[in-house]
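Summary of the model geometry
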Amino acid sequence: MVVVDNGSTDSTVEVVDEFASAHPDLDLTLIHEPQKGTGAAADTGMRYAIEAGAVRLARTDADCVPEPDWTEQIEAAFDGGLRSIAGQLLPRTDEGLSPARLVLMRIVIEIGSLVAKVRRINRGPQFLGTYVLTPGCNMAITAELYEAAGGFPRTRIQDEHEDRYLHNRVRTLTTDYGLRRSVRVRMSTRRFSAWGIRNTLRWYAEHRFRPETVDIR
């Protein structure tokens with residue numbers, strides 16, 4: 001496990017150090033990336049892992065909860081021939097959303113996935129296959145394909161959706177990618193709660209909604 005500290009000002013470093021000390025059998029590495037941005041932080045982590053010998057890479061986010069069999073299902077997808085894997089997104093149920101809004105959020109995720117397939121930015125003769133929503137909080141990729149595609153762009157979250165950028169680069173190289181709904185991660189509902197459904201969708205659609213505060217806590 002690699003944790004990238006992206007210039008945090010909270011107790012991230014202390015929490016990671018304490019956890020590592022309490023679990024000496026876990027291969028946990030803390031590295032630092034001062035350049036702010038989800039793309040920069042993720043790229044630093046991925047490339048550190050590749051340099052350390054990793055051939056299969058998986059990524060989730062700090063505010064997400066992978067299912068207990070997450071890595072097992074990822075390995076199965078790789079063994080089935082995929083080189084880039086998109087997982088199933090589900091909303092977290094512990095952040096205060098009502099059951100009705102949780103259902104609505106799941107519907108919105110599915111509709112958003114379908115709409116993304118036909119958006120102009122995700123279509124073109126350069127692509128070898130159909131667009132598949134590949135969220136940064138639930139994806140995996142082989143090391144060789146990650147490097148061939150150029151990796152995550154070293155950008156801030158408000159400048160570029162680095163997961164979509166990487167997936168579209170992958171689509172110019174291969175069709176060995178796909179969605180596996182058995183690879184499940186529960187994502188944070190904080191943006192939906194803070195911004196509402198409409199503005200959250202606008203945020204993910206080319207940042208058409210740009211709030212003053214991007215880092216929702």
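Here we summarise the structure given alongside this text. (Residues numbered from 1 in each chain as written. Predicted model: local features only at pLDDT ≥ 70, side-chain atom pairs only at ≥ 80, totals over all residues. Heavy atoms only, no water.)

This paragraph deals with the pattern of salt bridges. Inspection of the entire model under this criterion finds 15 salt bridges. Here R92 and D94 are joined by a salt bridge, their closest N and O atoms 3.0 Å apart. Among the salt bridges present, the one from E95 reaches R92, with a minimum N-O distance of 3.8 Å. R92 sits in the buried class, given a relative accessible area of 17%. Salt bridges linked by common partners bring E33, D43, R47 and R154 together as one network. (Salt bridge = Lys/Arg side-chain N within 4 Å of Asp/Glu carboxyl O. Buried < 20%, exposed > 50% of the residue type's maximum accessible area, 1.4 Å probe, protein only.)

On to the pairing of strand β2 (residues 29–32). Burial along β2 is one-sided: T29 and I31 are buried, while L30 and H32, pointing the other way, are not. Strand direction decides the pairing type here: strand β1 (residues 2–5) and β2, joined by four bridges, are parallel. From the neighbouring strand, D5 faces β2, where its bridge partner is H32. (Helix = DSSP H or I, 4+ residues; strand = E, 2+ residues; numbered from the N terminus. Pairing = 2+ DSSP bridges.)

On to the layout of surface pockets, then. Counted as a void, the second largest pocket has a volume near 190 Å³. Only β5 (84–91), α4 (99–118) and β7 (177–187) provide two or more residues apiece to the lining of the second largest pocket. A per-class count over the lining of the second largest pocket returns seven nonpolar, three polar and three charged. (1 Å grid on protein atoms, 1.4 Å probe; cavity = no way out; pocket = protein on both sides within 12 Å on 5 of 7 lines; lining within 4 Å. Points joined across faces, edges and corners; volume = space filled by probe spheres on them. Nonpolar A, V, L, I, M, F, W, Y, C, P; charged D, E, K, R; others polar.)

Over the atoms rolls a probe the size of a water molecule, and its path tells where empty space is left. Under the defined criterion, the tally for this structure stands at one cavity of 30 Å³ or more. Roughly 40 Å³ of volume is contained in the largest cavity. Surrounding the largest cavity, S84, T134, M139, I141, F152, D163, L166, H167 and V170 form its lining. Put simply, the parts of the chain that give the lining of the largest cavity at least two residues each are β6 (139–142) and α6 (162–171). Of the residues forming the lining of the largest cavity, the biggest block, four residues, is contributed by α6.

All right, on to the nonpolar core then. Within the largest apolar cluster, 20 residues are counted, with the highest numbers of intra-cluster contacts made by I74, I85, M105 and M187. Secondary structure elements with two or more residues in this core: α3 (70–79), β5, α4, β7 and α7 (190–204). In contact with M187, other than residues within four places in its own chain, are C64, L89, L90, P91, R92, M105 and I109. Core analysis: the next-biggest nonpolar cluster, separate from the first, contains 17 residues, M46, A49, F152 and V170 among them. (Core = buried A, V, L, I, M, F, W, Y, C linked by side-chain atoms within 4.5 Å. Contact = heavy atoms within 4.5 Å.)

Burial along β6 is two-sided: the face carrying M139 and I141 and the face carrying A140 and T142 are both buried. Examined bridge by bridge, strand β3 (residues 56–59) and β6 share four bridges and lie antiparallel to one another. Of the residues in β6, the one forming a bridge with L57 is I141. As defined by bridge partners, β5 adjoins β6 across three bridges and the pair is classed as antiparallel. Bridge pairing in β6 links S84 to I141.

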